[in-house]
Amino acid sequence: MTAEFKSSYVKGFVAGLPLIIAYVPFALVFGVVAVDAGLAVYEAIAMSAAVVAGAAQFAVLGLLMEDAPVAIAILAGVAVNLRIAMYSASIAEHWRGASFWQRAVAAYVLHDQAYGMSISRYVEGKEKTLSNKFGWYFGVLTPTTSTWFICTTIGAMLGAQIPAEWSLDFAVPIAFIAITAPMLKKLPHVMAALVGVAASLALVWLPLGFGVLAGGVLGMAAGVATEIWMDRRPGQRAAQ
């Protein structure tokens, strides 16, 4: 571990600490509701460890609570997480020269906040070397990801103690909205959300939860189309 890595790691760790405030309640709620939905404590913990994405986990859990087939729930989770592929394509150029295992671990824990805080730092040129870039990235990830895992475990253990008659179904959509709403910062994001919600409601009659999956695909298509339209505007081309 180089001095460059250590220096940037500490800076990233400090920058990531405030995010814990948001991670704690959502991770606790996920753990509690996952057990209430029928998952064993170890299954709720394993889901967080495998997915590492709150929005996708709540989407999958919501469908499972509606008795949708597991395959459909997984597809919905994948659809929600497709944005991670775009994050990966964007940030990969800054990780050139890293070993396969370094990139594999970094990709495994990639999430919205880590990407946003890291890519802005990279673009501004504040982390110049590969050691600096990885140090900052994993510094941000340490408090956020560990908090998600720990609080999911605590929530699942607490959920196991809650009586079955205390239905917590309402917590899933509320938590999902609270996680995704802050992501709606630009017009393409808003259009993707509006079209996705409208399509899901219009196609609610489809069996096996296909309406939600179709809504997700249509929402993403609307977001991409909006972004392309914005890039092709005369004023935008002139600015470029």
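Remember, it's a predicted structure, so these values are computed and weren't measured experimentally. (Residues numbered from 1 in each chain as written. Predicted model: local features only at pLDDT ≥ 70, side-chain atom pairs only at ≥ 80, totals over all residues. Heavy atoms only, no water.)

## Details of unusual backbone geometry
And step 1. Positioned with a positive phi, Val52 is a non-glycine residue whose angle comes to about 50°.
And step 2. If you trace the backbone, Val52 turns up in the loop between helix H3 (41-51) and helix H4 (54-65). (Helix = DSSP H or I, 4+ residues; strand = E, 2+ residues; numbered from the N terminus.)

## Describing the side chain of Lys133
And step 1. For Lys133, the position within the fold is in helix H9 (residues 130-159).
And step 2. Lacking a salt bridge, the buried Lys133 has Glu93 as its closest oppositely charged neighbour, with an N-O distance of 7.5 Å.
And step 3. Within the structure, the side chain of Lys133 is placed 3.3 Å from the side chain of His94, a separation counted as a polar contact.
And step 4. With sequence-adjacent residues up to four places away left out, Lys133 is seen in contact with His94, Tyr122, Glu127 and Lys128. (Buried < 20%, exposed > 50% of the residue type's maximum accessible area, 1.4 Å probe, protein only. Lys, Arg positive; Asp, Glu negative; His and termini not counted. Salt bridge = Lys/Arg side-chain N within 4 Å of Asp/Glu carboxyl O. Polar contact = N/O pair within 3.5 Å; in protein donor to acceptor, adjacent residues only side chain to side chain. Contact = heavy atoms within 4.5 Å.)

## What to know about a nonpolar patch on the surface
And step 1. Residues Val70, Ile74, Val78 and Leu82 make up a contiguous nonpolar surface patch of roughly 340 Å² in combined accessible area.
And step 2. Position of Leu82 among the secondary structure elements: in the loop between helix H5 (70-80) and helix H6 (83-91). (Patch = residues over 30% accessible without salt bridge, like charges linked within 9 Å, V, L, I, M, F, W, Y side chains within 5 Å. Areas by Shrake-Rupley, 256 points an atom, 1.4 Å probe, with all protein chains shown as cover.)

## What to know about the pattern of salt bridges
Pairing of side chains with opposite charge becomes possible as their charged atoms draw close.
And step 1. One pass over the full model with this rule turns up 2 salt bridges.
And step 2. Across the salt bridge formed by Glu127 and Arg121, the nearest N and O atoms sit 2.7 Å from each other.
And step 3. Residue classification places Arg121 among the buried positions, given a relative accessible area of 18%.
And step 4. We note a salt bridge from Lys126 to Glu124, for which the minimum N-O separation is 3.1 Å.
And step 5. Of the residues examined, Glu124 reaches a relative accessible area of 51% and is grouped as exposed.

## Some thoughts on the environment of Gly196
And step 1. Relative to the helices and strands, Gly196 resides in helix H11 (residues 187-202).
And step 2. Residue Gly196 is classed as buried on the basis of its relative accessible area, which comes to 11%.
And step 3. C-alpha of Gly196 to C-alpha of Gly211: the two residues are 15 residues apart in sequence and 9.8 Å apart in space.
And step 4. In this structure, Gly196 is in contact with Gly215 and Gly219, ignoring residues within four places of it in sequence.

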